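Structural features, examined
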Amino acid sequence: MRQRVAVLGSTGSIGRQTVEILGAHPELFETICLTACSNWQLLAQQARALEPDSVVIACKEFWEPLQEALSDLPVKVFAGEDAVAAAGAAGNVDVTVNALVGYSGLLPTVRAIEAGKKVALANKESLVVAGELVMRLAHLHRVPVVPIDSEHSAILQCLVGESSPLRRVILTASGGALRDVPLPELRSVSAAQALAHPNWSMGPKITIDSATLVNKGFEVVEAHWLFRLPPEKIDVLLHPQSVIHSMVEFEDGALKAQLGLPDMHVPISYALSFPERLSTPCPPFPWADFPSLTFSEVDQIRYPALGLTRDCLLAGGTALCTLNAANEVAVADFLAGRIGFLDIVETIRRTLDRAENIPNPSLEDYIHCNTESRKIAQL
Ligand code: NDP
Ligand code: MG
C-alpha cells in the first residue's frame, strides 16, 4: 500500500528535495498535503505536479493568489499557521515530513505525534526546544520519529542490526563557511561570506548555524533525544570533506561509519522508506575525488556555541528553548545586516543570562519561554 505523505515546508531546501523523491516514486507515495510560508508560486507548481488533496500557505495574505492559481484543480487551499500544524495531523496522513525551519516546526511536530503519525523529522529545532516533551509524546503514542538530518540518519543506519551498548557516537562537522577565516576577521564577515557553505546547499538559517556551529550543538541535542544517549557519549569531530556523515563506536572498539556524497536526497529517502532503501539519482561515489579524509578536534575558541549548547543541555528546563529563540533572532539580524557575525553568540549569551529557566516545562511553558526569550534577545 502507498504511504500517504504530508510535507510541511515543501518549498524549502529539504521540502523541494522531498517533493522530488515523492514525484519519482508515485508507486510508493501518495502526496496528501504540501505547505509553504509565503512562496505560493512554487507551492502552486508543486501542487500541479503532485496533485495533493490540499495545500496550506502559512501567511494568510497569499491565500487568494494561491487559490486562484489552483482554481482549475480539485485541491483544497487553506491558510494560517494552525492549518500547517493541522495538515500534518490529518486523518488520511501516514507520515508527516517536517521540513519547517526553526521554532515554527515545534507545534506541527507535537500535533502530528499526538495524532499518531510517523514523523520524518528535518526540523531539529523541535527536539532542541522541547526534546523531552516530543520524545515523551512519541513514546506515549508509539510513534516513530525518524531523522532526516544526515548525521542522525548515518547513526541510525549504523545501528541497524545492533543491540549492544555504544561507547559513543561521533558527529562529523564540516566547520561551515568560515572555517578558514582568520579569527580576527570573523567580526567583520558579511552574510554572503557566511552563506557560502563549502559542501552543502541548504536554507539560509541552517547555513549560518553551520558557520557558528550552533547547528552542531543542536545535533548533539538531537542525538541525545533520538538515541537516548548521555551528552558525554556524543562527540563532535571536524571533518572538512563531509564524506563520513557520522560514526558509531561500539564497546569492543569497532567503529561503523556511513559515507557518501553530501546529498540530502539520501537521508530524506531513508527516512521515508526506513528500514528499506529507495533508489535515488545519487551517482556512484567518486573515490578519486577524495584521496584523503581528514579529521580534527573542534577549536572551542573559534566555535564557542558548541560548549554553550552542551551547557544548556545539562542545565535542562527551558535553557535550550531560550538558546534557540535567541539564535533565531540573532541569525535574522545578522542576515539583515543589523549585527555582526560574532554578535550571534553574544546575543545568545546575553539572553541566557537574563531569561528565566523554567524547570519541568509543559508545552505552554515552552511557548511562553520562546516569546519572552525573543523579547530579551531583541533588546
Ligand atoms: P528553508 O528555509 O529552505 O525552508 C523552510 C520551509 O519552511 C519553507 O518551505 C518555508 O516556506 C517554510 N516556513 C518558514 N517559516 C515558516 C513558518 N513560520 N510557518 C510555516 N512555514 C514556514 O529551510 P531548510 O529546508 O534548509 O531547513 C528545514 C529544516 O531542516 C531546518 O530545521 C534545518 O535545520 C533542517 N535541516 C536542513 C538541511 C538542509 O540541507 N537544508 C539539512 C539538515 C537539516 P517559504 O518557502 O514559503 O518561505
Ligand atoms: Mg546535519
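Residues numbered from 1 in each chain as written. Chains lettered and ligands numbered in written order. Predicted model: local features only at pLDDT ≥ 70, side-chain atom pairs only at ≥ 80, totals over all residues. Heavy atoms only, no water.

With respect to helix α9 (residues 204–212)
Of all nine residues making up α9, seven are buried, and the element is well covered by its neighbours. For α9, every residue scored as buried is listed here: K205, T207, I208, D209, S210, A211 and T212. Residues of α9 that are buried in the fold lie against α6 (125–140), α8 (191–195), α10 (214–226), α12 (304–315), α13 (319–335) and α14 (342–354). L213, located one to two residues past α9, shows a positive phi value of around 70°. (Buried < 20%, exposed > 50% of the residue type's maximum accessible area, 1.4 Å probe, protein only. Helix = DSSP H or I, 4+ residues; strand = E, 2+ residues; numbered from the N terminus. Contact = heavy atoms within 4.5 Å.)

Quick look at the site of ligand 1
Of all residues adjacent to ligand 1, which total 25 residues, the nearest are T11, S13, S38, N39 and E125. Separating an oxygen atom of ligand 1 from a backbone N or O atom of N39 is a distance of 2.8 Å. Look at ligand 1: alone it shows 900 Å² of surface, and the protein chains cover 87% of it. (Near = heavy atom within 4 Å. Polar contact = N/O pair within 3.5 Å; in protein donor to acceptor, adjacent residues only side chain to side chain. Areas by Shrake-Rupley, 256 points an atom, 1.4 Å probe, with all protein chains shown as cover.)

Focus: the packing of aromatic side chains
The tally for this structure, following the rule as stated, stands at four aromatic pairs. Pairing F285 with F290 gives two aromatic rings, centres 5.3 Å apart and planes at 25°, and the pair type is stacked. On the accessibility criterion, F285 (19% relative accessible area) is buried. Relative to F341, the ring of F334 has its centre 5.7 Å away and its plane inclined at 65°; by these criteria the two rings are edge-to-face. Of the aromatic side chains, those joined through ring pairs into one cluster are F285, W287 and F290. (Phe/Tyr/Trp six-rings, centres within 6.5 Å; stacked < 30°, edge-to-face > 60°.)

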